[in-house]
Amino acid sequence: MFHFTSLPPLSLYVHIPWCVRKCPYCDFNSHARKVDSGIPEIAYVDALIADLELELPLIWGRKVQTIFVGGGTPSLFSPEALDRLLCGLRARLAFPSTTEITLEANPGTIESGKFHEFRAVGINRLSIGVQSFDDALLQRIGRIHGRREAIRAAEEAHHAGFDNFNLDLMFGLPAQTVAMARKDLDTAIALSPSHLSHYQLTLEPNTQFHAQPPQLPEDDLLWEMQDQCHARLEEAGYGHYEISAFAKPDRQCRHNLNYWQFGDYLGIGAGAHGKISDARSQSIQRSWKLKHPDQYLAAAATEARLGGSNLLTPRDAAFEFMLNALRLIEGVPSHLFQDHTGLPLNIAQETLHKAESKGLIEWDAHRIRPTLQGQRFLNDLLQMFLPEDT
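Bear in mind that the values here come from a model prediction, so they are computed numbers and not experimental data. (Residues numbered from 1 in each chain as written. Predicted model: local features only at pLDDT ≥ 70, side-chain atom pairs only at ≥ 80, totals over all residues. Heavy atoms only, no water.)

Some remarks on the overall build of the chain
Thinking step 1. Of the regular secondary structure elements, the chain holds 15 helices and 17 strands.
Thinking step 2. The C-alpha atoms of the chain give a radius of gyration of 21 Å, which matches the 21 Å a tight globule of 390 residues would have.
Thinking step 3. Its C-alpha atoms put the chain at 55 × 50 × 40 Å along the principal axes.
Thinking step 4. Within the chain, buried positions represent 54% of all 390 residues.
Thinking step 5. Here the chain displays about 17600 Å² of accessible surface, and carbon together with sulfur accounts for 50% of that area.
Thinking step 6. On the chain, the mean spot of the 36 positive side-chain charges and the mean spot of the 47 negative ones are 3 Å from each other. (Helix = DSSP H or I, 4+ residues; strand = E, 2+ residues; numbered from the N terminus. Rg over C-alpha atoms; globule rule 2.2 N^0.38 Å. Buried < 20%, exposed > 50% of the residue type's maximum accessible area, 1.4 Å probe, protein only. Areas by Shrake-Rupley, 256 points an atom, 1.4 Å probe, with all protein chains shown as cover. Lys, Arg positive; Asp, Glu negative; His and termini not counted. Charge placed at Lys NZ, Arg CZ, Asp CG, Glu CD.)

A few points about the packing of aromatic side chains
Thinking step 1. In the structure shown here, the tally under the stated rule is 12 aromatic pairs.
Thinking step 2. A ring pair is formed by tyrosine 259 and tyrosine 265, whose centres lie 4.8 Å apart and whose planes are at 75°; its orientation type is edge-to-face.
Thinking step 3. Owing to a relative accessible area of 13%, tyrosine 265 belongs among the buried residues under this scheme.
Thinking step 4. Consider the rings of phenylalanine 321 and phenylalanine 337, whose centres lie 5.1 Å apart with planes at 80°: the pair is edge-to-face. In this pair, phenylalanine 321 is assigned in helix 11 (residues 314-325) and phenylalanine 337 in helix 12 (residues 335-341), connecting sequence segments 16 residues apart.
Thinking step 5. Each member of the aromatic cluster is reached from another via a ring pair, and the members are Trp18, Tyr44, Phe77 and Tyr296. (Phe/Tyr/Trp six-rings, centres within 6.5 Å; stacked < 30°, edge-to-face > 60°.)

Regarding the packing of helix 1 (residues 41-55) against helix 2 (residues 79-92)
Thinking step 1. Interhelical geometry of helix 1 versus helix 2 gives an angle of 15° and a closest axis separation of 10 Å. It follows from the interaxial angle that helix 1 and helix 2 lie roughly parallel. Viewed along their axes, helix 1 and helix 2 form a crossing whose handedness is right-handed. Within the contact between the two elements, helix 1 uses Glu41, Ile42, Val45, Asp46, Leu48, Ile49, Leu52 and Glu53 and helix 2 uses Ala81, Arg84, Leu85, Gly88, Leu89 and Arg92.
Thinking step 2. Of the residues that constitute the contact of helix 1 with helix 2, the class distribution is eight nonpolar, one polar and five charged. (Axes fitted to C-alpha atoms, helices over the stretch in contact; angles between N-to-C directions. Parallel < 35°, antiparallel > 145°, perpendicular 65-115°, else oblique. Left-handed = near helix turned anticlockwise from the far one by under 90°. Contact = heavy atoms within 4.5 Å. Nonpolar A, V, L, I, M, F, W, Y, C, P; charged D, E, K, R; others polar.)

Observations regarding unusual backbone geometry
Both trends apply: most residues other than glycine have a negative phi, and most peptide bonds are in trans.
Thinking step 1. In this model, glycine 71 is joined to glycine 72 through a cis peptide bond whose omega is 20°.
Thinking step 2. Mapping glycine 72 onto the fold places it in the loop between strand 4 (64-71) and helix 2.
Thinking step 3. Of note in the backbone geometry, glutamine 131 takes a positive phi value of approximately 70° without being a glycine.
Thinking step 4. Relative to the helices and strands, glutamine 131 resides in strand 6 (residues 125-131).
Thinking step 5. The exposure class of glutamine 131 is buried, given its relative accessible area of 5%.
Thinking step 6. With a phi close to 65°, asparagine 206 is a non-glycine residue in the positive phi region.
Thinking step 7. With respect to the helices and strands, asparagine 206 occurs in the loop between strand 8 (195-200) and helix 7 (208-211).

Quick notes on the sheet that holds strand 16 (residues 361-363)
Thinking step 1. Ordered in space as 15-17-16, the three strands form an open sheet in which the pairing is antiparallel. On the outer flanks of this sheet lie strand 15 (332-333) and strand 16, each paired with one strand and no other.
Thinking step 2. Taken strand by strand, helix 13 (residues 349-357) contacts strand 16 and strand 17 (367-370), and its axis lies near 125° from that of strand 16. (Pairing = 2+ DSSP bridges.)

Considerations on the pairing of strand 8
Thinking step 1. Two strands pair when backbone bridges link them, and strand 7 (residues 165-171) and strand 8 are joined in this way by six bridges, in the parallel orientation. Residue phenylalanine 171 lies in a different strand from strand 8, and its bridge partner there is glutamine 200.
Thinking step 2. The handedness of the strand 7 to strand 8 crossover, carried by helix 6 (residues 178-190), is right-handed.
Thinking step 3. Strand direction decides the pairing type here: strand 8 and strand 10 (residues 245-247), joined by three bridges, are antiparallel. Across the sheet, the residue bridging to serine 197 is alanine 245, located in strand 10. (Right-handed = clockwise from strand over helix to strand, strands pointing away.)

Some thoughts on the pairing of strand 1 (residues 10-16)
For a regular strand, side-chain orientation follows a simple rule: the groups alternate between the two sheet faces.
Thinking step 1. Summarising burial for strand 1: seven of the seven residues are buried, a large majority.
Thinking step 2. Burial along strand 1 is two-sided: the residues Leu10, Leu12, Val14 and Ile16 and Ser11, Tyr13 and His15 are all buried.
Thinking step 3. Two elements, strand 1 and strand 11 (residues 264-269), share six bridges in a ladder whose sense is parallel. Across the sheet, histidine 15 pairs through a bridge with glycine 269, a residue of strand 11.
Thinking step 4. Here seven bridges tie strand 1 to strand 4, and the two strands are oriented parallel to one another. Following the sheet pairing, leucine 12 is matched in strand 4 by isoleucine 67.

Notes on a negative patch on the surface
Thinking step 1. The grouping of Glu218, Asp219, Asp220, Glu224 and Asp227 at the surface amounts to a negative patch.
Thinking step 2. Looking at the element boundaries, aspartate 220 is found in helix 8 (residues 219-235). (Patch = residues over 30% accessible without salt bridge, like charges linked within 9 Å, V, L, I, M, F, W, Y side chains within 5 Å. Salt bridge = Lys/Arg side-chain N within 4 Å of Asp/Glu carboxyl O.)

Comments concerning the pattern of salt bridges
Thinking step 1. Counting across every chain of the model gives 19 salt bridges.
Thinking step 2. The salt bridge involving lysine 289 is made with glutamate 55; its shortest N-O contact spans 3.6 Å. On the criterion of sequence distance, the pair formed by lysine 289 in strand 13 (residues 283-289) and glutamate 55 in helix 1 is long-range, its members being 234 residues apart.
Thinking step 3. We classify glutamate 55 as buried; its relative accessible area is 4%.
Thinking step 4. Salt-bridge contacts for aspartate 264 lead to arginine 62; the nearest nitrogen and oxygen are separated by 3.0 Å. Here arginine 62 lies in the loop between helix 1 and strand 4 and aspartate 264 lies in strand 11, a separation of 202 residues in the sequence. Taken individually, aspartate 264 and arginine 62 each receive the classification buried, so the pair is uniform in this respect.
Thinking step 5. Within this structure, Asp51, Glu55, Lys289, Glu303 and Arg305 form a network of salt bridges that share partners.

As structure tokens, then:
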């Protein structure tokens, strides 16, 4: 069973579910805003605060290390609404002025000066969903912005004083060549973000692209894109610290690192997920909120806001730890397994030895890390830790 002598770091995730238009590849909980009625900003912020207040007993006495406002497209919200939200969070949570507070932004929703206002209310990190700088490719994947808006968004971030922002960039887009992927990446690097997320377009269930698949590049071409782009990123001074994440020194995303290191997090908002460890009950609980915004708004101040919850078994926790930690290029200190799961490492020892014998990981008393082979065949590596009855 679990035995926590201390608790993992704690983060807060806030979900804002509205978009201008649902992208055909997106499997996140996002909903096109209604043209006639718009977005109920004030009502939704009030619902978020009510949701948070019901969560507070789970985390009494604990400090929040990072805050991430994701979506959807949170940059659709006005600076006034985000100020109202952050004031509500500050009144109810303990977090220092140095807390990383990230806002996701879509270049198609950014008006001149809006980033200045976001920064003024307390946002100190942006994650901008560029995906590509090629107008034809952006049109093929259903984005509402073009090359000009993408470049302007990064420039606006600099002008607003954000010295810490991420650009999301996809590769493996329909009809994309290696040269096109390199050109996209060179454009991104020239804009000097502190962080770059570089990930392959995949066809996820319950998306338009899954139902009507576009023609994507062949596997050999995808590997060449990835290898060349990763080499270019490292040449430009971006350290590869997670399968799809690259950062300038000391600019790793602290919020995502907490996920990958199996930290705790509260989730508020429609469809938001949370994971909380409890030293009193020696348990780890996962929970999630109602997904549809209208249902969530109606129930946010009651227990009915919960879409569901479950307690993790020790085998679940061991698997989930590895599922996250082995995405990190340098892995994690070995002691982090016990620190963040409340379980002794020896329960995973047999599988660790098997993975090591296959050349997929390196591990000892100090560190567990994937090898280059393990990074390349990550899904195979993670399957080894899957509970047998799953």
